[in-house]
Amino acid sequence: MIGYYVHHQGRGHLHRALAIAEHCAHPVTVLSSLACPGHWPGAWVRLPRDDTPSQATDPTAHGRLHWVPVHHPGLRTRMAAVAGWIEQHRPEVVITDVSVEVTLLARLLGVPVVVAAMRGERRDPAHELGYDLAEALLAPWPATLPEPGWPDHWNAKTVWTGGFSRFDHRPHADAHLPHTVLLMLGAGGHGITDRQIEAARRATPAWQWTVLGGPDGWTSDPWPLLTSAEVIVTHAGQNAVAECAAARRPTIVLPQDRPFGEQHATARALHRAGLATVLPGGWPDPDRWPALLAETAVHDGRRWSHYSPGDGAERAARALDHLAAAHGRPLPA
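Right, let's walk through the structure included here. (Residues numbered from 1 in each chain as written. Predicted model: local features only at pLDDT ≥ 70, side-chain atom pairs only at ≥ 80, totals over all residues. Heavy atoms only, no water.)

Points about the packing of aromatic side chains
A complete count under the given rule lists 10 aromatic pairs for this structure. Ring pairs connect the aromatic residues Tyr131, Trp141, Trp150 and Trp154, which therefore count as one cluster. Over the face of the ring belonging to Trp141 we find Arg119, whose NZ or CZ atom lies 4.3 Å from the ring centre. Seen from the ring of Trp154, Arg123 lies directly overhead, with NZ or CZ sitting 5.4 Å from the centre. (Phe/Tyr/Trp six-rings, centres within 6.5 Å; stacked < 30°, edge-to-face > 60°. Lys NZ or Arg CZ within 6 Å of the ring centre and 35° of its normal.)

Structure below.
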């Protein structure tokens, strides 16, 4: 059995887990504070939240970890639930996406751990501990765009899957709709205001804008909009970028400020490869939008295949199955 810890922030961690689990030969149990999606066919352990109550004392253990506040009931019951599940089901391997603390807990209980890697500055003590402990690192980007500054022993155990998403095997629209913009704000928070969006709309009267994300624009299936848009505008979260890559559409990327500079690191990689129009300075002034949309629309979206070849989830699943088989009973014939 494979245990899969899924962080509750945003929806990218969940979508990545579901895409990988679909291809795993070993049974997968998800452990998360998120509610189980209705279409999930496997086991699901609903974990208590570790951020309620919000009051926290020494949450970083003197700078060595990320979130371990002392005498915190949410943390205590959450970690007890994970440990109890491991004791009862004895998984061959656990993958964490993402939590240094769950990585450490599983390894302390004698279970090999795989860490879903993230771009950005990960040389702080907590990340170094988690990445060093990992049996393998899953990097959802291509080996041709490595993360600068990683030590050799991290690179040596990394499985570069390329970008992947829940849409990798969905058919594309027959043709895009001219002069259409899809703005994806995501569910993990953003710094773009309604006033900024409206000003961009007014500055580009020939273009039709659709906004996804935020409190009023969420949809469970954005694929038809992704593949039919002439230009996509998105943040630089790993999952959002992977969905744009799967759609093979010209894209403008505006990285948001996130811990450890993750989105800015992703944006730099995309810029180096010439895969997207990257705007690290934030939302442009209205008068820049007409030229930005026109210049981006002529990009060849097929170049995204260099970033997202289409089989990343299968590669990740094969790596997990290989480790699970190496550390446990062989699969039945």
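Focus: the sheet that holds strand β7 (residues 158–160)
The sheet built from 7 strands is open, its strands ordered β3-β2-β1-β4-β5-β6-β7 with parallel pairing. Looking along the sheet, the strands with just one partner apiece sit at the ends: β3 (43–46) and β7. Strand-to-strand twist of the sheet, defined as the mean angle between neighbouring strand axes without regard to direction, takes the value 20°. Bridge analysis of strand β5 (residues 113–116) against strand β6 (residues 136–139) gives 3 bridges, and the strand direction is parallel. Bridge pairing in β6 places Val115 opposite Leu137. Its contacts with the sheet put helix α2 (residues 73–89) on β1 (2–6), β2 (28–32) and β3, and the angle it makes with β2 is roughly 170°. Across the face of the sheet, helix α3 (residues 100–108) comes into contact with β1, β4 (93–97) and β5 while running at roughly 170° to β5. (Pairing = 2+ DSSP bridges. Helix = DSSP H or I, 4+ residues; strand = E, 2+ residues; numbered from the N terminus. Axes fitted to C-alpha atoms, helices over the stretch in contact; angles between N-to-C directions. Contact = heavy atoms within 4.5 Å.)

With respect to the nonpolar core
Ranked by internal contacts, the top residues of the largest apolar core, which has 40 residues, are Tyr131, Leu137, Leu270, Trp304 and Tyr307. Broken down by secondary-structure element, the contributors of at least two residues to this core are α2, α3, β5, α4 (125–133), β6, α8 (238–247) and α9 (262–273). In terms of residues, this core owes the most to one element, α2, which gives 5 residues. With sequence-adjacent residues up to four places away left out, Leu270 is seen in contact with Val241, Val253, Leu275, Ala276, Val278, Trp304 and Tyr307. Counting residues in each nonpolar core, the second largest holds 28 residues, with Val6, Trp44, Phe164 and Ala319 among its members. (Core = buried A, V, L, I, M, F, W, Y, C linked by side-chain atoms within 4.5 Å. Buried < 20%, exposed > 50% of the residue type's maximum accessible area, 1.4 Å probe, protein only.)

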